[in-house]
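Structure at a glance
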Amino acid sequence: MIGSCGSCGAVLPSTAAGCDRCEALVIGPRPTTPVLLANLTPVSSVERTLAIAVDLGLVLLTAVPLILGATGIWPPSIGMPFGLVLVVGVAITLLQEFRRTGRTPGTLVTRTRYVDKLNGTPPGSGRWPGAQIAVVDLGERRPAAPAASAARTALAGGAATPSAPRGAPGTPTRPPPPTQQPGPPHRPSAVLTDGTHRIEIASTVLLGRRPRPQPNEAVGTVVELTDPTRSVSATHALLDWDGATLWLVDRGSTNGSWVVRADGARERARTGVPLAVPAGCAVQLGNRSFRVEVS
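Please read these numbers as outputs of a predicted model, since none were measured by experiment.

1. Description of helix α1 (residues 45-62)
When the terminal C-alpha atoms of α1 are compared, their 26 Å separation across 18 residues agrees well with the 26 Å that a helix rising 1.5 Å per residue should span. Taken together, the buried positions of α1 are A51, D55 and T62. Along the long axis of α1, the arc covered by the buried residues comes to 30°, so they all point the same way. Projecting away from the buried face of α1 at angles above 90 degrees are the exposed residues S45, V46, L56, L60 and L61. The inward-facing, buried residues of α1 contact α2 (64-71), α3 (76-100), α4 (105-110) and β5 (112-116).

2. Regarding the sheet that holds strand β17 (residues 288-294)
Across the sheet, six strands lie side by side as β8-β7-β17-β16-β13-β14; this open sheet has antiparallel pairing. The open sheet has two free edges, formed respectively by β8 (198-201) and β14 (266-268), since each of these has just one partner strand. Direction aside, neighbouring strands of the sheet carry axes that sit 25° apart on average.

3. Brief notes about the pattern of salt bridges
Across all of its chains, the model carries four salt bridges by this definition. Linking R251 and E217 is a salt bridge whose minimum nitrogen-to-oxygen distance equals 2.3 Å. Taken together, the positions of R251 in the loop between β12 (246-250) and β13 (257-260) and E217 in the loop between β9 (204-208) and β10 (221-224) put the pair 34 residues apart, joining distant regions of the chain. R291 is paired through a salt bridge with E293; the nearest N and O atoms lie 2.7 Å apart. The class of R291 is partly exposed, set by a relative accessible area of 42%.

4. A word on the pairing of strand β16 (residues 282-285)
Here β16 shows no split at all, with A282 and Q284 on one side and V283 and L285 on the other all buried. Bridge count between β16 and β17: four bridges; the pairing is antiparallel. Note that in β17 the partner of A282 across the bridge is R291. The hairpin turn running from β16 into β17, its antiparallel successor, is two residues long, and G286 in that turn takes a positive phi close to 60°.

5. Examining the side chain of S233
Topologically, S233 is positioned in the loop between β10 and β11 (237-241). Look at S233 and you get buried, because its relative accessible area is 11%. Look past the residues within four positions of S233 in its chain and what remains in contact with it is G208, R209, S253 and T254.

6. Quick look at unusual backbone geometry
A positive phi angle is found at N216, which is not glycine, with a value near 65°. Mapping N216 onto the fold places it in the loop between β9 and β10. Although it is not a glycine, R230 sits at a positive phi angle of roughly 60°. Position of R230 among the secondary structure elements: in the loop between β10 and β11.

7. Comments concerning the confidence of the model for the chain
For the chain, mean pLDDT is 75; residues scoring 70 or higher make up 64% of the total. Here residues 29-38 is a poorly scored stretch, pLDDT under 50, and it has 40 contacts once near neighbours within four places are set aside; other chains count. Every residue in residues 140-161 scores below 50 in pLDDT, and together they form 22 contacts with partners more than four places removed in sequence or on other chains.

8. As for the nonpolar core
With 23 residues, the main nonpolar core has L192, L207, L246 and L248 as its most contacted residues. Looking at this core, the elements that each hand over two or more residues are β7 (190-193), β8, β9, β11, β12, β15 (275-277), β16 and β17. The dominant element in this core, judged by the number of residues it contributes, is β11, at three residues. Setting aside residues no more than four positions away along its own chain, L246 makes contact with A190, L192, I201, L239, D240, W241, L275, A276, V277 and V292.

Procedures and definitions
Residues numbered from 1 in each chain as written. Predicted model: local features only at pLDDT ≥ 70, side-chain atom pairs only at ≥ 80, totals over all residues. Heavy atoms only, no water. Helix = DSSP H or I, 4+ residues; strand = E, 2+ residues; numbered from the N terminus. Expected span 1.5 Å × (residues − 1). Buried < 20%, exposed > 50% of the residue type's maximum accessible area, 1.4 Å probe, protein only. Arc of directions from axis to C-beta. Contact = heavy atoms within 4.5 Å. Pairing = 2+ DSSP bridges. Axes fitted to C-alpha atoms, helices over the stretch in contact; angles between N-to-C directions. Salt bridge = Lys/Arg side-chain N within 4 Å of Asp/Glu carboxyl O. pLDDT = per-residue confidence, 0-100. Core = buried A, V, L, I, M, F, W, Y, C linked by side-chain atoms within 4.5 Å.

In structure tokens form, the structure reads like this:
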């Protein structure tokens, strides 16, 4: 327990009879707090005014029954006593919380707190918002300054110990960050897209309305295409990506498989014969058309 001078805020032992700095009486011992003022950020006058305005607004709000009783809107025999008790009770509660914890509804709204300017403790009994009381921000903390660390050590009754220089013997050092191993090289893949659907081809893809691989045929992916016009055959075509070139193989489709180049030229794939599809071209299967991209 420490005491604080009610005039200048000097830190004094709880047994002191007066302040050695300003010779005022010691007013109210209060518990210490681990937070010093140097660790907190003083707020602007706008936030300080806002906190006070919220507290005064709360007191005025509780005075509504008193006003209603005085004006006759409520029966004076009920409104006046009830309003008076409410106003006095709220005002006393606010004052007690201000002195005991430094927290009021206004500081809760602004995320601040009232503290003694000298030691960062709550204002204590007999104190009022004034020159010796600071309003600090609890939401934004700063590292303690060296002077604040020395003051904390002096209050604890010990001597400040200088910190060891970086890299001195016995000082733990941070291990170097682990070396990242290079990942596997990126293998590009071909992509078919019609603006709505996207089909990625990493190896082979069999396309059709109900595609079925041939006996003992290994296919990477089987993709069913929706085609209400039935222009796409059940097993229409196979697309094979070798890492550099996309190959189109027609599977004996009824309406054919086509490569449409950027200049509009069309080339039909013969059944069972691979046809190269350069990037930027389009693959047309019946009435379905897909643009070819490489990612």
